[in-house]
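# Report on the structure
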Amino acid sequence: MDIQNAVKQRIIGLCSENNLTINALATKAGMPRTTLKNIVYGTSKNTGIVTIKLVCDALGISIKDFFDNELFDDLDLVKD
């Protein structure tokens, strides 16, 4: 799995765990809904750490908690 797909799956999973839609999470995080939708639907290929931090803050978790998930254990190498 590549990092972008892992981030996408993690956001979807966290939304499910917290009974939030992507739109509700975006609103809670204070970001445009399109930002998260682009990540989830694969339009965005480079999710910034600031975006991830906003998601974490909205969910009340740390960045460490975000990445402390099996999705990030065996990532494919990024190729230029």
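Residues numbered from 1 in each chain as written. Predicted model: local features only at pLDDT ≥ 70, side-chain atom pairs only at ≥ 80, totals over all residues. Heavy atoms only, no water.

The geometry of helix α2 (residues 22-29) relative to helix α4 (residues 49-59) is characterised by a closest axis approach of 8 Å and an angle of 95 degrees between their N-to-C directions. As summarised for this structure, α2 and α4 are arranged roughly perpendicular, according to the angle between their axes. Residues L25, K28 and A29 of α2 touch α4, and the partners they reach there are L54, V55, A58 and L59. Each residue belonging to the contact of α2 with α4 can be placed in one class, and the counts come to 6 nonpolar, no polar and 1 charged. (Axes fitted to C-alpha atoms, helices over the stretch in contact; angles between N-to-C directions. Helix = DSSP H or I, 4+ residues; strand = E, 2+ residues; numbered from the N terminus. Parallel < 35°, antiparallel > 145°, perpendicular 65-115°, else oblique. Contact = heavy atoms within 4.5 Å. Nonpolar A, V, L, I, M, F, W, Y, C, P; charged D, E, K, R; others polar.)

Considering the arrangement of structural elements, one finds I12 in helix α1 (residues 3-17). When the C-alpha positions of I12 and D74 are compared, they lie 19 Å apart, and in sequence the two are 62 residues distant.

A word on the side chain of T51. With respect to the helices and strands, T51 occurs in helix α4. The exposure class of T51 is buried, given its relative accessible area of 18%. (Buried < 20%, exposed > 50% of the residue type's maximum accessible area, 1.4 Å probe, protein only.)

Our focus in this paragraph is helix α3 (residues 33-40). Here α3 has its buried residues at L36, I39 and V40. Down the axis of α3, the buried set is contained in an arc of 95 degrees. They therefore lie on one face. The inward-facing, buried residues of α3 contact α1, α2 and α4. Looking one or two places after α3, you find G42, whose phi comes out positive at around 85 degrees. (Arc of directions from axis to C-beta.)

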